[in-house]
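Listed below, chain by chain, are the residues.
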Amino acid sequence: MAQMNINTADLPDQDRFEPIPAGKYAVQIIESDSVALKTGNGESLNITLEVIEGNFAGRKVFDRLNYLHTNEIAQRIGQQGMKSICKAVGFEGHLSDSEVLHGIPLVAKIVIEQKDQNYEPKNVVKGYEAIGGSQLASQPSAQQQRPAPSAARPAPATTAARPANVTGGAKPSFMTRR
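Residues numbered from 1 in each chain as written. Predicted model: local features only at pLDDT ≥ 70, side-chain atom pairs only at ≥ 80, totals over all residues. Heavy atoms only, no water.

Chemist: Would you mind showing me how to read the side chain of asparagine 66 here?
Modeler: Tracing the backbone through its elements, the reader meets asparagine 66 in strand β3 (residues 60–69). For asparagine 66, a relative accessible area of 17% translates into the label buried. Excluding its chain neighbours within four sequence positions, the residues that come into contact with asparagine 66 are Leu37, Glu43, Ser44, Ala74, Gln75, Gly78 and Gln79. (Helix = DSSP H or I, 4+ residues; strand = E, 2+ residues; numbered from the N terminus. Buried < 20%, exposed > 50% of the residue type's maximum accessible area, 1.4 Å probe, protein only. Contact = heavy atoms within 4.5 Å.)

Chemist: When you look at the sheet that holds strand β2 (residues 42–51) in this model, what are you seeing that I'm missing?
Modeler: Within a sheet, neighbouring strands are paired by backbone hydrogen bonds and run either parallel or antiparallel to one another. In spatial order, the strands read β3-β2-β1-β4-β5; together these five strands make up an open sheet with antiparallel pairing. On the outer flanks of this sheet lie β3 and β5 (122–129), each paired with one strand and no other. Strand-to-strand twist in this sheet, taken as the mean axis angle between neighbours without regard to direction, amounts to 45°. As paired strands, strand β1 (residues 23–36) and β2 are joined by nine bridges and run antiparallel to one another. Within the sheet, the bridge partner assigned to alanine 36 lies in β2 and is glutamate 43. Contacts between helix α1 (residues 72–89) and the sheet are confined to β1, β2, β3, β4 (106–113) and β5, with β3 contributing the most and set at about 125° to the helix. (Pairing = 2+ DSSP bridges. Axes fitted to C-alpha atoms, helices over the stretch in contact; angles between N-to-C directions.)

Chemist: Whenever I open this one, the nonpolar core confuses me. Can you help?
Modeler: Nonpolar side chains in soluble globular proteins generally cluster together in the buried interior. Ranked by size, the top nonpolar core spans 24 residues in total, and within it Leu49 and Ile85 carry the most contacts. Put simply, the parts of the chain that give this core at least two residues each are β1, β2, β3, α1, β4 and β5. Ranked by the residues each element gives to this core, the list is headed by α1, at five residues. Once you skip the residues sitting within four places of it in the chain, leucine 49 turns out to touch Val27, Gln28, Ile29, Arg59, Lys60, Val61, Ala108, Val125 and Tyr128. (Core = buried A, V, L, I, M, F, W, Y, C linked by side-chain atoms within 4.5 Å.)

Chemist: Explain the packing of aromatic side chains here, please?
Modeler: The description of two aromatic rings rests on the distance between their centres and on the angle between their planes. Scanning the entire structure with this criterion turns up one aromatic pair. Seen in terms of ring centroids, tyrosine 25 and phenylalanine 56 are 6.2 Å apart; in terms of plane orientation they differ by 85°. Their pairing is edge-to-face. With a gap of 31 residues between them, tyrosine 25 in strand β1 and phenylalanine 56 in the loop between β2 and β3 connect regions that are remote in the sequence. On the basis of relative accessibility, which here comes to 2%, the residue tyrosine 25 falls in the buried class. Geometry around tyrosine 119 places lysine 115 over its ring, the cationic atom sitting 5.6 Å from the centre. (Phe/Tyr/Trp six-rings, centres within 6.5 Å; stacked < 30°, edge-to-face > 60°. Lys NZ or Arg CZ within 6 Å of the ring centre and 35° of its normal.)

So, in structure tokens, the structure goes:
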């Protein structure tokens, strides 16, 4: 048992974090980390984005890109996301450290998804593009604020064999783990 001397009446209420309305937002990557998936099926780049303009400046949104995966579709989607980020920030070539992508403004298309009634609605990033070519969200319409239905997820690979790049072989040319 921990002895404490706290008057809970003096403590602030916990903030309730509602998702930001769907739209395109100017963001920057402030954190990233390459992690092994809990399932052992690959690796993902976990990204923390920060909104840098408008009514939601300072809010954080999270993305996870499966750049290595036993399921070819999941891996392709993750690698396409990596490429769109690199293109949006003007990076070309071999990416060996995701930190080079930090602090560079780009646009993230953000939607609201809710898997089912057992889960709270959450923001999901559906794409990236360079700043300048998009009209950014400032006052999204009521339609933009409704949660988007969850997209159908591809079924996991059922083959017993794992791709060589997940079991210790060479990683895709654009990404090496720090």
